[in-house]
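Chain by chain, the residues run as shown.
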Amino acid sequence: MGLREAKLPGFILTIALSLLFTLRSEALGMFWQELLVWFGASGRLHHVAMNISRAFAMALVLFIVLYYLELRYGVPTNQYRTRGFLHDIFWWLWTSSGLNRIIFTSAVVGFLTANLSPYKLNLLDRVSAIPRYILYFVVIDFLVYWVHRWRHANRFMWAFHTTHHSQEQLSFLTVLRIHPVEFIFNDLIMIVPLLVVGAPPQSWLPLYYARVIIEDIQHSHLPWTFGPLYYVFVSPVFHSFHHSIRPEHHDRNFAVALSLWDFTFGTAVAREQRPSEYGLADIKTPTLMSSLVVPFRVLRQTYSLRAQRQRSGARQVVR
Ligand SMILES: [Zn+2]
Ligand SMILES: [Zn+2]
């Protein structure tokens, strides 16, 4: 497959889809809420069922749109008939249903909002709505870029990030294949600076949804490079290098929305043919359980190797 470029139409479609899904999230939520009330669900079960059905509906709509586009571009669609895709359906429902956040994050956000108020800088309070959204978007994206680099550089963080990278059958659902431990760290790292800057959740939640849709599209097989905007915005081709199995692509293309961070800090892969193989050469997760426990296996190997090295270093000193 050559490097087929869909330049501006791809970029415009990405923006249009993310806007559409951001705007519709409320309407769709209300529709499902009505439907579930009608079926007689109540209380906590109702909340969880509503979130799961919402996540499922969102995945279904995205699947129809992205599958249709992938067929039209003649790019691989066999990822949807693999076991890996079934695993990602589980990860998607688990993560986007909010089940992983109910217990931990909501409690932490409540605690931090109350305790960080003396440190709030309210930097963006006097900025009007649209520039404020743009500023949030750029600030969050800059943070995400460095946090993502840290996840690759730090051994502990990398162990939990392997769940995301071990997927060999990349699809739009892979975006939420994130280990619960990684999610906790992610939420903490992202929430604290935003609260200090003075960003209430109402300000960044719509952006959060927009980012999730943008990331879904990036994990698809669409051949979009966004033409000259490849150097500014993350396209599906740009992000595909981040998942490539080839060693020369490792620790490259960390950015989530703005590829200019990678080009500025020297971690970008120049535009070339999209890789055809994804995943990690030395870490395999053939089952759903293995994708959940793989971080602990990686940690055990990392620390036993380190202990071995320390022991042999100590022996050399004694000699
Ligand atoms: Zn990564
Ligand atoms: Zn990814």
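Everything discussed here concerns the structure shown above.
Residues numbered from 1 in each chain as written. Chains lettered and ligands numbered in written order. Predicted model: local features only at pLDDT ≥ 70, side-chain atom pairs only at ≥ 80, totals over all residues.

Novice: Is there a simple way to think about the overall build of the chain in this case?
Specialist: Looking only at helices and strands, the chain features twelve helices and zero strands. Residues counted as buried form 30% of the 319 residues belonging to the chain. Contacts in the chain between residues at least 24 apart in sequence constitute 73% of all its contacts with a sequence separation of at least 6. (Helix = DSSP H or I, 4+ residues; strand = E, 2+ residues; numbered from the N terminus. Buried ≥ 20, exposed ≤ 12 C-beta atoms within 10 Å, placed from the backbone. Contact = placed C-beta atoms within 7 Å.)

Novice: Any chance you could explain the nonpolar core here in plain terms?
Specialist: Phe172 and Ala255 are the most contacted members of the largest nonpolar core, which totals 32 residues. Elements with a minimum of two residues in this core: α2 (43–73), α3 (83–96), α6 (129–153), α9 (201–218) and α10 (236–242). Sorting elements by how many residues they give to this core places α2 first, with five residues. Excluding residues that lie within four positions of it along the chain, phenylalanine 172 makes contacts with Leu62, Leu66, Asp216, Ile217, His219 and Ser220. (Core = buried A, V, L, I, M, F, W, Y, C linked by C-beta atoms within 7 Å.)

Novice: It is not clear to me how the packing of α6 against helix α7 (residues 155–165) should be interpreted in this structure. Could you clarify?
Specialist: When two helices pack together, their arrangement is given by the angle between the helix axes and the distance between those axes. One can describe the packing of α6 onto α7 by two numbers: an axis separation of 5 Å at closest approach and a directional angle of 100°. Judged on the interaxial angle alone, α7 and α6 are roughly perpendicular. Residues Trp150, Arg151 and His152 of α6 pack against Met157, Trp158 and His161 of α7. Residues of the contact of α6 with α7, tallied by class, amount to three nonpolar, two polar and one charged. (Axes fitted to C-alpha atoms, helices over the stretch in contact; angles between N-to-C directions. Parallel < 35°, antiparallel > 145°, perpendicular 65-115°, else oblique. Nonpolar A, V, L, I, M, F, W, Y, C, P; charged D, E, K, R; others polar.)

Novice: Can you help me understand unusual backbone geometry in this one?
Specialist: Most peptide bonds are trans, and most residues other than glycine sit at a negative phi. One non-glycine residue, aspartate 251, adopts positive backbone phi at about 55°. With respect to the helices and strands, aspartate 251 occurs in the loop between α10 and α11 (260–264). Positive phi is not limited to glycine here, since asparagine 253 has a value of about 55°. Residue placement: asparagine 253 occurs in the loop between α10 and α11. Overall, the presence of 24 C-beta atoms within 10 Å leaves asparagine 253 in the buried class.

Novice: I tried to follow the environment of leucine 176 on my own but got confused; where do I start?
Specialist: Here leucine 176 lies in the loop between α7 and α8 (180–197). Separated by 85 residues in the primary sequence, leucine 176 and tryptophan 91 place their C-alpha atoms 6.1 Å from one another.

Novice: Would you mind going over the environment of methionine 58 with me for this structure?
Specialist: Locating methionine 58 in the fold gives a position in helix α2. In this structure, the C-alpha to C-alpha distance between methionine 58 and isoleucine 213, residues 155 residues apart in sequence, is 9.9 Å.

Novice: Explain α6 to me, please; I cannot follow it from the model alone.
Specialist: Look at α6: 36 Å from first C-alpha to last across 25 residues, which is about the 36 Å you get at 1.5 Å a residue. Looking at α6, one finds that the buried residues are Ile140, Val144, Tyr145, His148 and Arg151. (Expected span 1.5 Å × (residues − 1).)

Novice: Looking at this model, I keep getting lost on the environment of histidine 243. Mind explaining?
Specialist: Residue position: histidine 243 is located in the loop between α10 and α11. Sequence separation of histidine 243 and glycine 279 is 36 residues, and the distance between their C-alpha atoms is 6.0 Å.

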